[in-house]
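What follows is the residue order along each chain.
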Amino acid sequence: MAGCVAQQEGDQLLDRIPYLDLVIGTHAIPMLPQLLQKIEVSGEKVCETSFDQDGKYLKSVLPEKSLEKVKSYVTVMQGCDHFCSFCIVPYVRGRERSRPSLEIIEEVGHLAEKGVKEVCLLGQNVNGYGKGLGEGINFSGLLERVNKIEGIERIRFTTSHPKDLSEELIQCFSKLEKLCEHIHLPFQSGSDRILKAMHRGYIKGSYLEKIDRLKKVCPTIAITADVIVGFPGEEEEDFRETLDLMEKVQFDDLFSFNYSPRKGTRAARFEDKIEGKVKQERLSVLQAIQREVTLQRNQALEGREEEILVEGLSKQSPQDVTGRTRSNKIVNFEGDLGLVGKLVSVRITKACPHSLRGQVVENHE
Ligand code: SF4
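Calculation notes
- Residues numbered from 1 in each chain as written.
- Predicted model: local features only at pLDDT ≥ 70, side-chain atom pairs only at ≥ 80, totals over all residues.
- Heavy atoms only, no water.
- Pairing = 2+ DSSP bridges.
- Helix = DSSP H or I, 4+ residues; strand = E, 2+ residues; numbered from the N terminus.
- Axes fitted to C-alpha atoms, helices over the stretch in contact; angles between N-to-C directions.
- Contact = heavy atoms within 4.5 Å.
- Parallel < 35°, antiparallel > 145°, perpendicular 65-115°, else oblique.
- Nonpolar A, V, L, I, M, F, W, Y, C, P; charged D, E, K, R; others polar.
- Buried < 20%, exposed > 50% of the residue type's maximum accessible area, 1.4 Å probe, protein only.
- Lys, Arg positive; Asp, Glu negative; His and termini not counted.
- Salt bridge = Lys/Arg side-chain N within 4 Å of Asp/Glu carboxyl O.
- Polar contact = N/O pair within 3.5 Å; in protein donor to acceptor, adjacent residues only side chain to side chain.
- Left-handed = near helix turned anticlockwise from the far one by under 90°.

Asker: Mind showing me how you'd approach the sheet that holds strand β7 (residues 154-158) here?
Answerer: Within a sheet, neighbouring strands are paired by backbone hydrogen bonds and run either parallel or antiparallel to one another. Strand order in this open sheet of 3 strands is β3-β6-β7, and the pairing throughout is parallel. Lying at the two open borders of the sheet, with one neighbouring strand each, are β3 (71-75) and β7. When the angles between neighbouring strand axes are averaged without regard to direction, this sheet yields 25°. Where β3 and strand β6 (residues 118-122) come together, 5 bridges link them in parallel fashion. Its bridge partner lying in β6, Tyr73 is registered against Cys120. Docked against the sheet, helix α5 (residues 101-113) engages β3 and β6, running at close to 165° with respect to β3.

Asker: Explain the packing of helix α9 (residues 204-217) against helix α10 (residues 236-249) here, please?
Answerer: What describes two packed helices is the angle between their axes and the distance between those same axes. Orientation of α9 relative to α10, taken along the N-to-C sense of each, is 10°, at an axis distance of 11 Å. Here α9 lies roughly parallel to α10, going by the angle between them. In this structure, α9 uses Lys204, Tyr207, Leu208, Ile211 and Lys215 to contact α10, whose residues at the interface are Glu241, Asp244, Leu245, Lys248 and Val249. Tallied by class, residues from the contact of α9 with α10 come to 5 nonpolar, no polar and 5 charged.

Asker: Looking at this model, I keep getting lost on the sheet that holds strand β9 (residues 222-229). Mind explaining?
Answerer: Spatial ordering of the open sheet is given by β8-β9-β10, a layout of 3 strands whose pairing is parallel. Of all strands in the sheet, those with a lone pairing partner are β8 (182-184) and β10 (253-258), marking the two edges. Strand after strand, the sheet turns through a mean of 10° between neighbouring axes, direction not considered. Relative to β10, β9 is paired through 6 bridges, and the arrangement is parallel. Following the sheet pairing, Val229 is matched in β10 by Asn258. Across the sheet, helix α11 (residues 276-299) is in contact with β9 and β10; its angle to β10 comes to roughly 175°.

Asker: Please clarify how unusual backbone geometry should be interpreted in this entry.
Answerer: Peptide bonds are mostly trans, and most non-glycine residues show a negative phi. In the segment running from Thr158 into Thr159, the intervening peptide bond is cis, with an omega of 0°. Relative to the helices and strands, Thr159 resides in the loop between β7 and α7 (167-175). Within the chain, Gln188 stands out as a residue other than glycine whose phi angle is a positive 70°. Summarising the element assignment, Gln188 is placed in the loop between β8 and α8 (192-198). Backbone geometry at Gln250 places phi at a positive 60°, although glycine is not the residue there. Within the fold, Gln250 resides in the loop between α10 and β10.

Asker: Got a minute to help me understand the side chain of Arg200 in this structure?
Answerer: By secondary structure assignment, the location of Arg200 is in the loop between α8 and α9. Despite its burial, Arg200 pairs with no opposite charge; the closest candidate is Asp226, at 7.3 Å N-O. Only 3.2 Å separates the side chain of Arg200 from the backbone oxygen of Pro186, close enough to count as a polar contact. Other than its neighbours up to four places away in sequence, Arg200 contacts Cys84, Phe86, His161, Pro162, Lys163, Pro186, Phe187, Gln188 and Leu195.

Asker: Which parts of the structure should I look at to understand the packing of helix α6 (residues 139-147) against α7?
Answerer: Running from N to C, α6 and α7 point in directions that differ by 20°, and their axes come no closer than 9 Å. With respect to each other, α6 and α7 are oriented roughly parallel. Two packed elements cross with a definite hand, and for α6 against α7 that hand is right-handed. Here α6 contributes Phe139, Ser140, Leu143 and Glu144 to the contact with α7, which in turn contributes Glu168, Leu169, Cys172 and Lys175. Its residues assigned to classes, the contact of α6 with α7 shows 4 nonpolar, 1 polar and 3 charged.

Here it is in structure tokens:
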């Protein structure tokens, strides 16, 4: 068993689950081969949940990726220093640790040589990249370096914390031609009172200011986010603030969740829990509104020509290929395997709730 629960519960899991041989924590994944060998040799059950404080395993978090891919994820940092009251990540993934920039550049260069066209730089809070690294580089600096790598056509990143989204990073959306026009910026709630209880470190107004800056610097930017409904103490008025924030931003898509307590977090001990029925009703209202907005945002692209990076054959039809716009929307259109990995101009002909339909105008390559 691996992941956050494995990290949190540790060897108690071995007692509880008789057929379990190995519990492996979030920092120990690179030790998997040695741990398996240990089990084979000794026949004993193993639990490894120690933290890699000095980051020596960060590099090997990344085994060589399977290489006939058009896009690839590259971990640039791990962990989080924020301690939002609902979140278990800082406890089970540890504090923020960044990989040396040279390692990242080498890895992206290697991926480009193997034909990867798009990289997504990954971390729990990529905006915190560089802290404690002693290189004098921040995330914007890293993006600038990745932007220069030949063969890479598109750069994305996830996830950003609104509090740490700097003006310098916002400016990257106009400055760096390979940085795609999409940002995932979780807001979690539109109520200042709830944001404070969540320990998010920003208020609704400052979140909206950053959204305004993003839209000014990059008018075509697509914005997606995470939101939690029914956090302890959330009143109708707080929920309306969340809907108001959504109305103002007009998100391209939202990942919305009912609050559920995570053992070991501060919010799990809050007493003013919201009844399940109320949470569900609020979530349904919010999701119905977002479905409409997502469709409208997709419809706004009808008739427009978009650059699509073709990722493969469509699952729906063997006559179609599928790819994404720079704003990260899925587009299906007629084509064959020969288009995979190519940048193609496609006219959007129809907007659907979760994807777009299009027609090739021109193959850039
Ligand atoms: S929600 Fe995100 S920013 Fe907050 S503690 Fe968890 S990982 Fe960190």
